[in-house]
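Residues per chain are reported as follows:
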Amino acid sequence: MILQGEVHGKTIPFKGEFMNIINIIEKKRDGKELSTEEINHFIEGLCNGSIFEYQASALLMAIFIRGLNSRETADLTVAMTKSGDCIDLSAIPGVKVDKHSTGGVGDKTTLVIGPIVAACGVPVAKMSGRGLGHTGGTIDKLESMEGFRTSLTREEFIDNVKEIGIAISGQTGDLAPADKILYALRDVTATVNSIPLIASSVMSKKLASGADRIMLDVKTGSGAFMKTLEDSIELAREMVSIGELTGKKTVAVVTDMDTPLGNCIGNALEVKEAIEVLKGKGPEDLRTVCFELASRMLELGGKGDIGTCRELVRNSIIDGSALKKFGELAARQGSVYEPWDEKAMRKAAVIDYVTAPFEGYISSMRSELVGKASMLLGAGRETKDGSLDHSAGIILHKKTGDYIKKGMIIAELHTSSRQLLSEAGKMLKEAYETSTAAPAARPLILAYADSDRVIRY
Ligand code: URA
């Protein structure tokens, strides 16, 4: 039976009374399993406008509370992937390995890992996003280099990878448009922090990006979406399982985001810090996380066992080939200056210092607040289409584990406007928590998951 309905002023045929969004919401509300057809019907209706946003929101809340099993999560991911374009990377020879981070504060790993992996002979065809909330985005960071173009045509993107082994671009085409609609609804219906919804959101975009294999960096801690290690491991396992069920080998590394990564937060400041790491310097935590993730990407790309890959990574830093690759990437995508040239970096008009209001060990940091303070200085957008100040951000002089004395400089604030200093400084001070005893050291690499195992470090 074909039913007709009046939707958004249009007459829409419903495919049958049992494939009805109200039945689907009811089923999930009561904790029942949805069929593949029901999930496809939901995503199709969401994209063609025959399902209303309030109905989609009700289903999201039912999923948030009742969950999805692995089969339902994989079906949702595939339906979201098929809602838009899928990139064909088959013209690029070799095994293409994609990397995705679930987002954090000071996370500039792509800027370091991309050139290392490309210098070691695994092609990097990376599509990245802009900042989201308190977390930064690779595209914003790259645009802090004068002239750097992040909107490549599909042809330029593929040609650059073929010729120099690496391209980093904003999305070309319309990848997983269903995710864009769902993400916006989740953001305003308190349904972001759901493991099956995050897993399907991340993996739908990764599957549409066309790589052969996927390496995921699942952030855990106060600056991440997943605050506990157990939840982060569950998210990692779910995404690895989607990869396996859809035929793309996927591994995940769970890394710390309790403390901001590295010392710099903000676009130009983060590019500068990434270059320091490529030069063989830079903060130890950033080096450790980047080198491990790059090694796992090389392993996935077939460059040998993990020991061999760690050695390849070390050598690419020592012999300067990773730094050289970053220079090639910047030149190819239009950067006016070499990325390590002081002139390439936008500098803030105003720099101010934050001093410690107390004495003691920094026992922990509320990383989300550090990200928000950086946003307030201009490094992030208030709204999706807002503008940002590439020179703005924070340099942390002291982080978790350091001993500080009252009056000591703990951070630098970079901005274009003096008026922003006072509130950002206050917020940053609130991010520091102290105690009289030194905190226990926390590992940076907390777990690894592939289809066969989960290793906790
Ligand atoms: N990143 C995504 O792409 N989606 C989410 O749901 C969360 C983080």
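One can find the structure itself at the top, above this paragraph.
Now for a description of the structure that goes with this document. Note that this is a predicted model, so its numbers are computed, not measured. (Residues numbered from 1 in each chain as written. Predicted model: local features only at pLDDT ≥ 70, side-chain atom pairs only at ≥ 80, totals over all residues. Heavy atoms only, no water.)

Time to look at the overall build of the chain. Counting its secondary structure elements, the chain contains 16 helices and 16 strands. Relative to the 2.2 N^0.38 estimate, which gives 23 Å for 457 residues, the radius of gyration of the chain is 23 Å and therefore close to what a compact globule would have. In terms of principal-axis extent, the alpha carbons of the chain reach across some 75 × 50 × 40 Å. Out of the 457 residues in the chain, the part that is buried amounts to 55%. One finds the centroid of the 56 positive side-chain charges in the chain at a distance of 2 Å from the centroid of its 61 negative side-chain charges. (Helix = DSSP H or I, 4+ residues; strand = E, 2+ residues; numbered from the N terminus. Rg over C-alpha atoms; globule rule 2.2 N^0.38 Å. Buried < 20%, exposed > 50% of the residue type's maximum accessible area, 1.4 Å probe, protein only. Lys, Arg positive; Asp, Glu negative; His and termini not counted. Charge placed at Lys NZ, Arg CZ, Asp CG, Glu CD.)

What follows is about the sheet that holds strand S10 (residues 360–365). Two orientations exist for strands paired in a sheet by backbone hydrogen bonds: parallel and antiparallel. In space, the three strands of this open sheet follow the order S12-S10-S14, with antiparallel pairing throughout. At either end of the open sheet lies a strand with only one pairing partner, and these are strand S12 (403–404) and strand S14 (432–435). Note that S10 and S14 share four bridges and pair antiparallel. When the bridges of S14 are listed, methionine 365 appears paired with tyrosine 432. Along the sheet face, helix H16 (residues 421–431) touches S10 and S14 and points at about 40° away from the line of S14. (Pairing = 2+ DSSP bridges. Contact = heavy atoms within 4.5 Å. Axes fitted to C-alpha atoms, helices over the stretch in contact; angles between N-to-C directions.)

Our focus in this paragraph is the packing of helix H4 (residues 70–82) against helix H10 (residues 229–245). Packed helices, taken two at a time, are described by the angle their axes make and the gap between the axes. The geometry of H4 relative to H10 is characterised by a closest axis approach of 10 Å and an angle of 65° between their N-to-C directions. Considered as vectors, H4 and H10 are oriented roughly perpendicular to each other. The two elements H4 and H10 meet at a crossing, and its hand is right-handed. Where H4 abuts H10, its residues Ser70, Thr73, Ala74 and Thr77 lie against Glu238, Ser241, Ile242 and Leu245. A breakdown of the residues in the contact of H4 with H10 according to their chemical character gives three nonpolar, four polar and one charged. (Parallel < 35°, antiparallel > 145°, perpendicular 65-115°, else oblique. Left-handed = near helix turned anticlockwise from the far one by under 90°. Nonpolar A, V, L, I, M, F, W, Y, C, P; charged D, E, K, R; others polar.)

Evaluated as defined, the whole model comprises 34 salt bridges. With its nearest N and O atoms 2.8 Å apart, the salt bridge here joins glutamate 230 to arginine 456. With glutamate 230 in helix H10 and arginine 456 in strand S16 (residues 454–456), this pair connects stretches of sequence that are 226 residues apart. Residue arginine 456 is classed as partly exposed on the basis of its relative accessible area, which comes to 48%. Among the charged side chains, a salt-bridge network with shared partners connects Arg130, Asp140, Glu143 and Arg381. (Salt bridge = Lys/Arg side-chain N within 4 Å of Asp/Glu carboxyl O.)

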